[in-house]
Amino acid sequence: MEKKDISYGAHNILVFPIPSQGHINPMLQFAKRLASKGLKVTLATTISEAKSMQIGSGAVHVEPISDGHDSVADKDNLALLTDGSGTLTRLIQKHENSGNPFSCLVYDSVLPWALDVARQLGLYGASFFTQSCAVSAIYYHVNQGKLDLPLEATPISIPGFPQLRISDLPSFVSAPESYPSFLVLLLNQFSNLEKADWVLVNSLDKLEEEEVRWMERLWPVKTIGPTLPSMYLDKLMVGDNDYGINLSNPNGKACQKWLDTRPTASVVYVSFGSIANLEEDQMVELAWWLKESNSNFLWVVRASEQSKLPNNFVEETIEKGLVVDWCTQLEVLAHPAVGCFVTHCGWNSTLEALSLGVPMVAVPQWTDQPTNAKYVEDIWGVGIRVKVGEKGLVRREEMGNCIREVMEGERGKEIKKNAGKWMEAAKEALAEGGSSNKNIDEFITKLINK
Ligand code: UDP
């Protein structure tokens, strides 16, 4: 990747995400943007993740750190989440001792203890939110005791925000008993946030105007997204074509070759991201519809999920479908053959579809996905959310109706128009003079003048 001539020599930034694809992707992209603007940037990540990173030489230095679970098989065991102060302190001190000290720590918002480490060692601290401002607002209100859990089944009103049903809330809030430790982790994002020098959010002003304004009233917030590789947005960073990290073999060429043989806007792309596990019944409902419909499909079924596919599904659908265990999602979404994205509405996937103008069928599973799905359907008008039936199952007919409506129906026309509008807004935000680009410049200027 090209670097600008300016060098802010003394300003060496450490970026510290949790080791999960949905957090590393946006924080690494932000790191690359800083590097492209002349800053020295190091990204610290666990040894198992660092092995799979292929970052353009010279752009961002990757520093592998140990969380005590360094093989890929161990990576679900995130000791780093709760007790990483020692590791982080040692890393910062090592750089200090080698005459290459960090001046600022950009840390994942779910690691608030990292700010305490930064403060103790004399670094500036910027909390990086990989979730939407709307989702942050909900967690904040719960943390403040303004939304008492468990919630009543009435519309939830946060002043200035759209009314929400229980089913629109992050799952850790609507079902607090489901993953209590994750809820604690997410509420803790605010435990010391008032001490942060910056709060950086992977969103863009236009997308969440009210929500961004609300955050600005509380903290020094800067939206810096969407954090897609530059080639998909502003094209200002030559050579920034992909995230540079993949959970598994992305089957890039096979997917492109297959998509090239399909007509424009004919393919249903299906993916539930890097973590969500579907119930077997749900996989069967979806598989059934994909098999019986007239649509072409590209379905990402992670290796650990493949045993849930009906027997012989791949062989019996070979004419019209491709099943892969992972793909280069951005390349797929950018391909003209793709007509709609059946998505779990992870925040990165949502921003990617918005930025590339791909209409969505929202099938949220857990965590912040229900809130993202609510915004996709009702606020941004870029998709349709499926209705969940008995036993939490989305039936094949419902799945099919939503996909058909998005691809061919009347609502689909409006959705495609809106999708085009948001694609422009995303490009604008990162272009010269755009809101996120300006915010990144302001962050750098303030940092070097501090
Ligand atoms: N992704 C990918 N290939 C796939 C599926 C997902 O590259 O086959 C990427 C996707 O582009 C996104 C990330 O993995 O950047 C998933 O993040 P998201 O927030 O959407 O969901 P999560 O995996 O955290 O649930």
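Scope of this entry: the structure provided in the associated data block. (Residues numbered from 1 in each chain as written. Predicted model: local features only at pLDDT ≥ 70, side-chain atom pairs only at ≥ 80, totals over all residues. Heavy atoms only, no water.)

1. Some words on helix H10 (residues 252–260)
- Of all the positions in H10, only Gly252, Cys255, Trp258 and Leu259 are classed as buried. Down the axis, H10 shows its buried residues gathered within 140 degrees of arc, on one side only. Exposed residues lying more than 90 degrees from the buried face of H10 are Lys253, Lys257 and Asp260.
- In this structure, the buried side of H10 is in contact with strand E8 (267–271), strand E9 (296–300), strand E10 (321–324), helix H13 (329–333) and strand E11 (338–343). (Buried < 20%, exposed > 50% of the residue type's maximum accessible area, 1.4 Å probe, protein only. Helix = DSSP H or I, 4+ residues; strand = E, 2+ residues; numbered from the N terminus. Arc of directions from axis to C-beta. Contact = heavy atoms within 4.5 Å.)

2. A look at the packing of helix H14 (residues 347–356) against helix H17 (residues 410–430)
- One can describe the packing of H14 onto H17 by two numbers: an axis separation of 6 Å at closest approach and a directional angle of 100 degrees. The angle between H14 and H17 falls in the class roughly perpendicular. Contacts between H14 and H17 involve Leu354, Ser355 and Leu356 on the former and, on the latter, Ala419, Trp422, Met423 and Ala426. (Axes fitted to C-alpha atoms, helices over the stretch in contact; angles between N-to-C directions. Parallel < 35°, antiparallel > 145°, perpendicular 65-115°, else oblique.)

3. A word on the packing of helix H11 (residues 280–292) against helix H16 (residues 396–408)
- Here H11 crosses H16 at 50 degrees, and the two axes come no closer than 8 Å. As summarised for this structure, H11 and H16 are arranged oblique, according to the angle between their axes. Every pair of crossing elements has a handedness; the one defined by H11 and H16 is right-handed. For the pair H11 and H16, the contacting residues are Gln282, Glu285, Leu286, Trp288 and Trp289 in the first and Arg396, Met399, Gly400, Ile403 and Arg404 in the second. (Left-handed = near helix turned anticlockwise from the far one by under 90°.)

The quantities given are spatial measurements derived from coordinates; they are silent on function.
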